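Single-letter residue listing:
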Amino acid sequence: MIKLTAEIKRILNALAFAHAGEFLSLRQKSAYLNPQAGAADAIQAMTPAPAQAASDHRQVALYMGSELPADMMHYVVQTCGRLKHGLTVLTFQSDSVASALLSPYADELATAGIPMKTMLLTGDPVSGLARYLRRHPEVAFLACKETGYLGRSFLNGTQPQDVLPVPVVLVATHETGAQSGASTQPRQVGEAERAA
């Protein structure tokens, strides 16, 4: 009877801390579930480091050039809100230019509860993006303007799709749709576009 009581307590304790399981490594989970481990070790194993918890949160990456159309940003904010992802803005612009482009959307992001970080990249745009995305597996996909440098290179077939380790969503902005009669809906670069 005592073993059953101990097992039930262990199970209830595990259920009480189940939410933290998303942030634990396999070693930390094993340490917690090991009955010989002390209570302090188990609690320490349950507490993720703040940097680890933040880096594990899924992100949508936005490639921002020298301009940021409002409908592009609204698409990204709506998508992040729907998916419950954070936003990482990747740019090769200076910090002051990036801040000026993003400042009109600060209230919208705060209202939606979307955490945003800006990463200033250097070097060749495609290799710089690829390098960042390979090092950050929390990024679900990369969104960019259809008429921007990156979007045009994918649509024209001058850039192979597999150079970036995440899916790329090309967003046709309102200005683009009005000028070319194209759809204002986002689309993902796929096999059909690469073959064309």
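Numbering of residues starts from 1 in every chain and runs along the sequence as written. Totals for whole chains, interfaces and linings use all residues, but because this is a predicted model, local features are given only for residues with pLDDT of at least 70 and pairs of side-chain atoms are given and counted only at 80 or more. For side-chain calculations, the full set of non-hydrogen atoms in the structure is used, while hydrogens and water are omitted.

Student: Explain the overall build of the protein here, please?
Tutor: Looking only at helices and strands, the protein has 11 helices and six strands in total. Each residue gets one of three labels from its accessible area relative to the maximum for its type: buried under 20%, exposed over 50%, partly exposed in between, using a 1.4 Å probe on protein chains only. Sorting the 196 residues of the protein into buried and exposed places 35% on the buried side. Any pair of residues with heavy atoms lying within 4.5 Å of one another is described as a contacting pair. Look at the contacts in the protein between residues 6 or more apart in sequence, and 69% of them connect residues 24 or more apart. Only runs of H or I of at least four residues qualify as helices and only runs of E of at least two qualify as strands under DSSP, and these elements are numbered from the N terminus.

Student: Got a minute to help me understand the confidence of the model for the protein in this structure?
Tutor: Parts of the prediction with low pLDDT should not have their coordinates interpreted in detail. Note on scores: pLDDT gives the predictor's confidence for each residue, bounded by 0 and 100. Looking at the protein as a whole, the pLDDT averages 76, with 64% of positions reaching at least 70. Note that pLDDT drops below 50 for residues 176-185; the model gives that stretch 11 contacts with residues more than four away or on any other chain. Scored below 50 in pLDDT, residues 190-196 shows five contacts in the model against residues more than four places distant or in partner chains.

Student: Whenever I open this one, unusual backbone geometry confuses me. Can you help?
Tutor: Positioned with a positive phi, Lys 84 is a non-glycine residue whose angle comes to about 60 degrees. Within the secondary structure layout, Lys 84 lies in the loop between α5 (70-83) and β2 (86-91). With a relative accessible area of 65%, Lys 84 lands in the exposed category.

Student: In this structure, what is going on with helix α8 (residues 125-135)? I would like to understand it.
Tutor: Given 3.6 residues to a turn, an α-helix orients residues that are three or four positions apart in the same direction. For α8, the full list of buried residues reads Val 126, Gly 128, Leu 129, Ala 130, Tyr 132 and Leu 133. The elements touched by buried residues of α8 are β1 (59-64), β2, β3 (116-120), β4 (139-145) and α9 (149-155).

Student: Teacher, can you tell me more about the environment of Leu 62 here?
Tutor: Note on placement: Leu 62 falls in strand β1. Residues Leu 62 and Thr 118, spaced 56 residues apart in sequence, show a C-alpha to C-alpha distance of 9.4 Å. Sequence-distant contacts of Leu 62, that is, excluding residues within four places in its chain, are made with Leu 68, Met 72, Met 73, Val 76, Leu 87, Thr 88, Val 89, Leu 90, Leu 142 and Ala 143.

Student: What is the right way to read α5 from this model?
Tutor: The terminal C-alpha atoms of α5 lie 20 Å apart, and with 14 residues this matches the ideal 20 Å at 1.5 Å per residue to within 8%. Residues of α5 that are buried make contact with β1, β2, α6 (95-102), α7 (106-112), β4 and β5 (168-171). Looking at the residues trailing α5, positive phi occurs at Lys 84, about 60 degrees. By this rule, a helix spans an expected 1.5 Å times one less than how many residues it contains.

Student: Help me out: how do you make sense of the packing of aromatic side chains in this one?
Tutor: Any aromatic ring pair is given by two values, namely how distant the centres are and how the planes are angled relative to each other. Each aromatic pair joins two rings of Phe, Tyr and Trp (for Trp, the six-membered one) with centres within 6.5 Å, and gets the label stacked for planes under 30 degrees apart, edge-to-face for over 60, and tilted for any other angle. The tally for this structure, following the rule as stated, stands at one aromatic pair. Arranged with centres 6.2 Å apart and planes meeting at 70 degrees, the rings of Tyr 63 and Phe 92 form a pair that is edge-to-face. Linking Tyr 63 in strand β1 with Phe 92 in the loop between β2 and α6, this pair joins segments that are 29 residues apart in sequence. Tyr 63 sits in the buried class, given a relative accessible area of 14%. Classification of Phe 92 as partly exposed rests on a relative accessible area of 23%.

Student: Mind showing me how you'd approach the pairing of β4 here?
Tutor: Walk down a regular strand and you will see the side chains alternate between the two sheet faces. Counting buried positions along β4 gives seven out of seven residues, so the element sits mostly inside the fold. Two strands pair when backbone bridges link them, and β4 and β5 are joined in this way by four bridges, in the parallel orientation. For Ala 143, the partnering residue across the bridge sits in β5 and is Val 169. Each pair of strands is called paired provided DSSP finds at least two bridges between the two strands.

Student: Hey, could you run me through the nonpolar core in this one?
Tutor: Generally speaking, nonpolar side chains in soluble globular proteins are found buried as a group. Only buried residues count toward a nonpolar core, which is a set of Ala, Val, Leu, Ile, Met, Phe, Trp, Tyr and Cys residues joined through side-chain atoms within 4.5 Å. Of all hydrophobic cores here, the largest spans 23 residues; its most connected members are Leu 62, Met 64, Leu 68, Met 73, Val 76, Leu 87 and Phe 141. The element contributing the most residues to this core is α5, with six residues. Counting residues in each nonpolar core, the second largest holds 18 residues, with Ala 130, Leu 133, Leu 150 and Val 166 among its members.

Student: Would you mind showing me how to read the environment of His 74 here?
Tutor: Mapped onto the secondary structure, His 74 falls in helix α5. In this structure the C-alpha to C-alpha distance between His 74 and Leu 109, which are 35 residues apart in sequence, comes to 9.6 Å.

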